[in-house]
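# What the coordinates show
Now for the letters of each chain:
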Amino acid sequence: MLFLRRLVQMALILLGVAAITFVLLYALPADPARMIAGRSATAQTVANIRRELGLDQSLPVQFWSYLSNLLQGNLGRSYAQKTEVATLIMARLPATLTLMFSGIVVEVMLGLTLGTIAAVRRGGFVDRLVMMASFVGVSAPQFVVALLLLYVFAATLGWFPMSGYGTFSHVVLPAATLGVLGAGWYARMVRSAMIDVLNQDYVRTARAKGLSSRRITFRHALPNAVLPVIAMIGIDIGQFMGGVVVVEAVYGWPGIGQLAWQAIQQVDIPIIMGVTLTSALAIILGNLVADLIAPVIDPRIRTR
Amino acid sequence: MRVMKELLRQPVALFGILIVLTVVIAALAAPMIAPFDPDNQMFDGLSLEGAPLPPGGPFLLGTDTLGRDLFSRLLYGARTSLIIGLVANGVAVTIGLFVGIVAGYVRGFFGTLLMRFTDLMMAFPALLLAIVLAALLRPSLWIVAMVIALVNWVQVARIVYTETRGLVERDFIMAERSLGAGHGRILFLHILPHLMPTAIVWGTLGIATTVLLEATLSFLGIGVQPPQPSWGNIIFESQSYFQAAPWLVFFPGAIILLTALSFNLVGDALRDILDPTQRGRG
Amino acid sequence: MFKRWLRNTTVATMVAIAPVGTMSAMAQGAPQQGGDIVVTYKDDITTLDPAIGYDWVNWSMIKSLYSRLMDYEPGTPNPVPSLAESFEVAPDGLTYTFKLRKGVKFSNGREVVASDVKYSIERAVDPETQGPGAGFFGAINGFEDVTGGKSTTLSGIETPDAGTVVFELSRPDATFLHVLAINFASVVPKEAVEAAGGDFGKSPVGSGTFTLKEWTIGQRLVFEKNPAYYVKNVPHIDKFTVEVGQEPLVALLRLQKGEVDIAGDGIPPAKFLEIKNSPDGAQIIVDGAQLHTGYITLNTKMKPFDNVKVRQALNMAVNKERVARILNGRATPANQPLPPLMPGYDKSFTGYAYDVAKAKALLAEAGFADGFETVLYSTNTDPQPRIAQAIQQDLAAIGVKAEIRALAQANVIAAGGTEGEAPMIWSGGMAWIADFPDASNFYGPILGCAGAVQGGWNWSWYCNKDLDARAVAADSMSDPAKAAERTATWGKVFTDIMADAPWVPVINERRVVAKSLRMGGADNIYIDPTRVINYDAIFVKQ
């Protein structure tokens, strides 16, 4: 029952996103029919194109037809390419998902490692260093770091290809860019979760009894950090969708970010709608995961 | 004042505050410190072949692709970035506070509706929304600030909502209510002050995010209008020169990093101080 | 002698001409056969449907995928028969009869016949196709009915037999042969279009020099040579792979390493000097003129630009040499609307020289001794905002304070086409490049009265009825004997426009392409005025 309610809420949110985006795009001064018609078109051609695309109809009518198509699973056709939007998105989605997944893997691995070290050596120099590093990561402008990594590791040292998609070595630099910058959040979360445990009485007792530090760290403290990390991943997925635009641009990664960017330049409304809805879906799903895990971590949080 | 003392005691926070102060002073004093007019495209600012000059001579940090002094532009850029940071963040926090408090206090149908709306806004891919809005409106300093604010208020609202919910349940509020205190009084005299720490913390942390977001938007070409310099659009204009003229990317990038970092450090330290439950958890 | 005769006529007699291929052999160096090459672009290829495709990137590919009745000699603006073996034009200029080559096959195996030609052009004009090129065929009988939605067939195209196509025009059109050589006139097979279910662009079938073997959206396209092409030894390369999503800077770095053969987006300004000065620079850089003019439009319907003195003053205020320098010398200052390569260009015309004092004086004469404030629009892709800033500084020197609005291209276009909205627009990034090498193409949409409408491209809203009349007269001179006179008439139209100065012509930008050391061929096939990159003519040095 609860699940059904969640589902309905999700659907309503998606509907809201669709409506707001549609209205925003409709209100733009830029004219998609003009963009398609190009510069040498006669007024008649432009008018014809506008009619063919249904752009001469009122906003509610246009939105209604978009919606009815959407409910049948049809995201429409790109204005500029005439290709189905679903085809374009599906062609590029795997690349973005790969990037997202790899980025998260790097973030989590790095975050777990750094956070554990910091928690174990709490208060010491290493702790401060790690925390500082995590702040730096979070504060750095993505595009500068991406350019830097590209220049140093790909262009100058030649360890990795400069752009492209397909093999493991292609994914290293983009994933590293995302991962290094985002690891900070995870590191801090892991650290605080572990410190929570390490402060507990039963841990002190265990230590007094002679249990090795390592055993305590790995068998008791670390598992405590897993759930918050998973919750964080949920939220992260949502952030990623927007954040990959820059990384995809710098590394020439054939993902949705590039698709969205080009579509915005060309005022290709169906594609913009499609990408926005896809991203919104990802965010909602990610939040859902995080929300479902939250009560498990902290029973004090009442489920709404 | 206790806050100030506590803050100054932590070396990391101290470092952050120093940087923040330096940036703010530099921004305020830009007209006095800047050796050149930031918009002046100087004939001598380019080499004979038309390439930007590296740091040295009269140009402390070099020149950009139009022959303008980088140091002066960075100084004025600080103004732009800080203004946007303050304005955007201020607006975001205000909206977030308002929505969060009302939703948390009122509860019931209206409250749930507000939070659902917040969820809706949260479901928007933030950067995409910012790109669409900024690319398709007429970007100016204020539009950019508004766009960033529209994207950032949601986080604040969520946190404020949760806190308000918690506060409302507390005994002293119920006591006030039973004494007959009106809603306004409760909201302003009791709830709002408790939320101030949260607002301050998020406000400070938010500046870092807005500086970064503004830089990213400018990098994508949809930020502050030229010739007005912002740290982001300096990099935008010079991005393909990162091999030929790395100072044009490195210096602005480093400044963005330092500024965002400092605000983050200060905000985090503030959180440690103002919210005891968070202390020691880093 | 032979070449000049060809160039100056719009052909009145039957011309049986040697296949296009041997023409390229007459150019420099003997091309060798074979080789696979890699081409890179930043933007994804939108479509390969000839009725729809209209951008820089897909223009060359569409040219090579399909064949058309007419085509151009490689690297020149001279139209010659291609799919047509021969043609003749009636003396009144209203009937064109084409005889098709025999034995030309589509890549699906079927032979190309006259009905395919008719179908393809009707498709390009049909509103349902949403093609940008419909207007080019305006002279064909029945055009109004089709664009008006009253009919789906053009009465002006007849196919008396499988090898003959006859065009009946409603008026003499001196550009008609160019129109039949433009991409929109490419021949496509009806069954393939219908089988593609609305997206023929992603699964193209043509009868050109190459066929599309593979398309991985967002990543790469692979084109393979058509071994059965009707001209021997054309094309020269076996295969070319187009990789998309590549940053120009990265593409260049890869080119220097030998991974990429042609960097389609050219050389970013940052690398230009470095490459130019490198030992291989001369061979890597291909620098060629295009039919391009970059200009500032002055909105003649908005004050104070309705005053011709103000417009003239602005013409004298812009330091065009400096703009050329910002582009690393890849542009030359312009003083008239037509680019140097265009027939009709007047070499002796001097236009308005850069003279700040005189500009200020003129402004004072017009009543603006203290200058005025205005707005300058530009697109937001580098280097356009920088050029706009350079112009802004020049204008400030004579007292004109211009605020810059650097917007997305779609917004600038929308602003330009709205009456009373955009006082000045720097056309960089959207500058006019001719669809085909004829002066009339530089007039209608951008300087003619027909373009000065809501949503039009005549952003200076300039409408001179007298010049319009002269333009129409020039275009109906389709008699080849009058070709020289026609060119001269056009030339005069444009230089006369400069007296009114609705524009500030700033630069003629050259196109720069980077090719790897193993690529051979003259420069003008890498910057072909009608094809952009001429995939048919390039070859690999073995």
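Rules of the game
- Residues numbered from 1 in each chain as written.
- Chains lettered and ligands numbered in written order.
- Predicted model: local features only at pLDDT ≥ 70, side-chain atom pairs only at ≥ 80, totals over all residues.
- Heavy atoms only, no water.
- Helix = DSSP H or I, 4+ residues; strand = E, 2+ residues; numbered from the N terminus.
- Rg over C-alpha atoms; globule rule 2.2 N^0.38 Å.
- Buried < 20%, exposed > 50% of the residue type's maximum accessible area, 1.4 Å probe, protein only.
- Contact = heavy atoms within 4.5 Å.
- Areas by Shrake-Rupley, 256 points an atom, 1.4 Å probe, with all protein chains shown as cover.
- Buried area = accessible area lost by both parts, 1.4 Å probe.
- Salt bridge = Lys/Arg side-chain N within 4 Å of Asp/Glu carboxyl O.
- Polar contact = N/O pair within 3.5 Å; in protein donor to acceptor, adjacent residues only side chain to side chain.
- Expected span 1.5 Å × (residues − 1).
- Nonpolar A, V, L, I, M, F, W, Y, C, P; charged D, E, K, R; others polar.
- Pairing = 2+ DSSP bridges.
- Axes fitted to C-alpha atoms, helices over the stretch in contact; angles between N-to-C directions.
- Core = buried A, V, L, I, M, F, W, Y, C linked by side-chain atoms within 4.5 Å.
- pLDDT = per-residue confidence, 0-100.
- Parallel < 35°, antiparallel > 145°, perpendicular 65-115°, else oblique.

## Looking at the overall build of chain C
Helix and strand content of chain C: 18 helices and 21 strands. Whereas a compact globule of 542 residues would reach a radius of gyration of roughly 24 Å, chain C reaches 24 Å, a difference of no more than 12%. Considering only C-alpha atoms, chain C reaches an extent of 70 × 55 × 50 Å along its principal axes. A buried classification covers 64% of the 542 residues belonging to chain C.

## A few points about the overall build of chain A
If you tally the helices and strands in chain A, you get 12 helices and 0 strands. Seen in sequence order, chain A has helices and strands lined up from the N terminus as α-α-α-α-α-α-α-α-α-α-α-α. With the C-alpha coordinates of chain A rotated into their principal frame, the extents come out at 85 × 55 × 30 Å. In chain A, buried positions account for 54% of the 304 residues. Taking all contacts inside chain A whose residues are at least 6 apart in sequence as the whole, residues at least 24 apart take part in 75%. If you sum the accessible surface of chain A, you get close to 13700 Å²; carbon and sulfur atoms cover 67% of it.

## Let's talk about the interface of chain B and chain C
Contacts between the two partners involve 29 residues from chain B, matched on the other side by 28 residues from chain C. Of the roughly 2400 Å² buried where chain B meets chain C, counting both sides, 47% is carbon and sulfur surface. Linking chain B with chain C are 0 salt bridges, by the criterion used here. Summed over the shared surface of chain B and chain C, the result is 6 residue pairs in polar contact (both at pLDDT 80 or more).

## Section: helix α18 (residues 483–500) of chain C
Residues and elements named next belong to chain C. Under the 1.5 Å per step criterion, the end-to-end length of α18 is 27 Å for 18 residues, consistent within 8% with the ideal 26 Å. Listed in full, the buried residues belonging to α18 are A483, R486, W490, G491, V493, F494, T495, I497 and M498. One or two residues past the end of α18 sits A501, with phi positive at roughly 50°.

## Remarks on the interface of chain C and chain A
How big an interface is tends to be stated in terms of the accessible area lost upon association of its parts. At the junction of the two partners, chain C supplies 46 residues and chain A supplies 44 residues. Taken together, the connections running from chain C to chain A amount to 2 salt bridges. A salt bridge links D44 of chain C to R92 of chain A; its shortest N-O distance comes to 3.0 Å. Counting across the interface, chain C meets chain A through 13 residue pairs in polar contact (both at pLDDT 80 or more). When residues of the side of chain C that touches chain A are traced back to their parent elements, those giving at least two are α8 (248–257), α15 (409–416) and β18 (432–433) of chain C. A breakdown of the residues in the side of chain C that touches chain A according to their chemical character gives 19 nonpolar, 17 polar and 10 charged.

## Thoughts on the sheet that holds strand β6 (residues 157–161) of chain C
Residues and elements named next belong to chain C. Spatial strand order, β4-β5-β7-β6: 4 strands in an open sheet with antiparallel pairing. Taken across any chain shown, the strands that pair with only one partner, and hence form the sheet edges, are β4 (84–89) and β6. Direction aside, the axes of adjacent strands within the sheet are offset by 20° on average. Sheet topology places β4 next to strand β5 (residues 95–100); 5 bridges connect them, and they run antiparallel.

## A short note on the nonpolar core
When a protein is soluble and globular, its nonpolar side chains tend to lie buried together. Core analysis: the largest hydrophobic core is formed by 244 residues, its most contacted members being L48, F98, F137, F167, F223 and V242 of chain C. Ranked by the residues each element gives to this core, the list is headed by helix α10 (residues 213–251) of chain A, at 13 residues. When sequence neighbours within four positions are dropped, the list of residues in contact with V242 of chain C reads V39, Y41, I45, M61, Q219, R220, L221 and F223 of chain C. In this structure, L66 of chain B together with L314, A331 and L376 of chain C belong to the second largest nonpolar core, which totals 37 residues.

## Considering the pairing of strand β15 (residues 372–379) of chain C
Residue and element names in this part refer to chain C. By the criterion of burial, β15 is predominantly enclosed, with 7 of the 8 residues buried. Direction of pairing for β15 relative to strand β17 (residues 424–426): parallel, over a ladder of 2 bridges. Bridge pairing in β17 places L376 opposite M424.

## A look at the pairing of strand β1 (residues 36–40) of chain C
All names here are of chain C. Counting buried residues in β1 gives 4 out of 5 residues, a clear majority hidden from the surface. In terms of strand pairing, β1 meets strand β11 (residues 262–263) through 2 bridges, oriented parallel. What sits directly across from T40, in β11, is A263.

## Some details on the confidence of the model for chain C
All names here are of chain C. Per-chain confidence: chain C averages 87 in pLDDT, with 95% of residues scoring 70 or above. Long-range and interchain partners of residues 1–28, a stretch whose pLDDT sits below 50, account for 39 contacts in this model, where long-range means more than four residues apart. As a predicted assembly, this complex carries a pTM of 0.84 together with an ipTM value of 0.81.

## A short note on the packing of helix α5 (residues 85–120) of chain A against helix α11 (residues 256–266) of chain A
Residue and element names in this part refer to chain A. Between α5 and α11, the shortest axis-to-axis distance is 8 Å and the interhelical angle comes to 135°. Our classification of the angle between α5 and α11 gives oblique. For the pair α5 and α11, contact is made by L88, I89, R92, L93 and T96 and by I256, G257, Q258 and L259, respectively. When the residues that make up the contact of α5 with α11 are grouped by side-chain class, the tally is 5 nonpolar, 3 polar and 1 charged.

## What about unusual backbone geometry?
Omega for the peptide link from V234 of chain C to P235 of chain C comes to 0°, which places this bond in the cis form. Structurally, the position occupied by P235 of chain C is in the loop between β9 (220–225) and β10 (239–243). Cis geometry is found at the peptide bond from K303 of chain C to P304 of chain C, where omega equals -5°. Look at K82 of chain A: it is not a glycine, yet its phi comes out positive at around 65°. Positionally, K82 of chain A belongs in the loop between α4 (59–71) and α5. Taking the relative accessible area as the measure of exposure, K82 of chain A reaches 9% and is therefore buried. Here the phi dihedral of N233 of chain C falls at roughly 60°; this positive angle occurs in a residue that is not glycine. Among the residues examined, N233 of chain C registers a relative accessible area of 48% and is labelled partly exposed.

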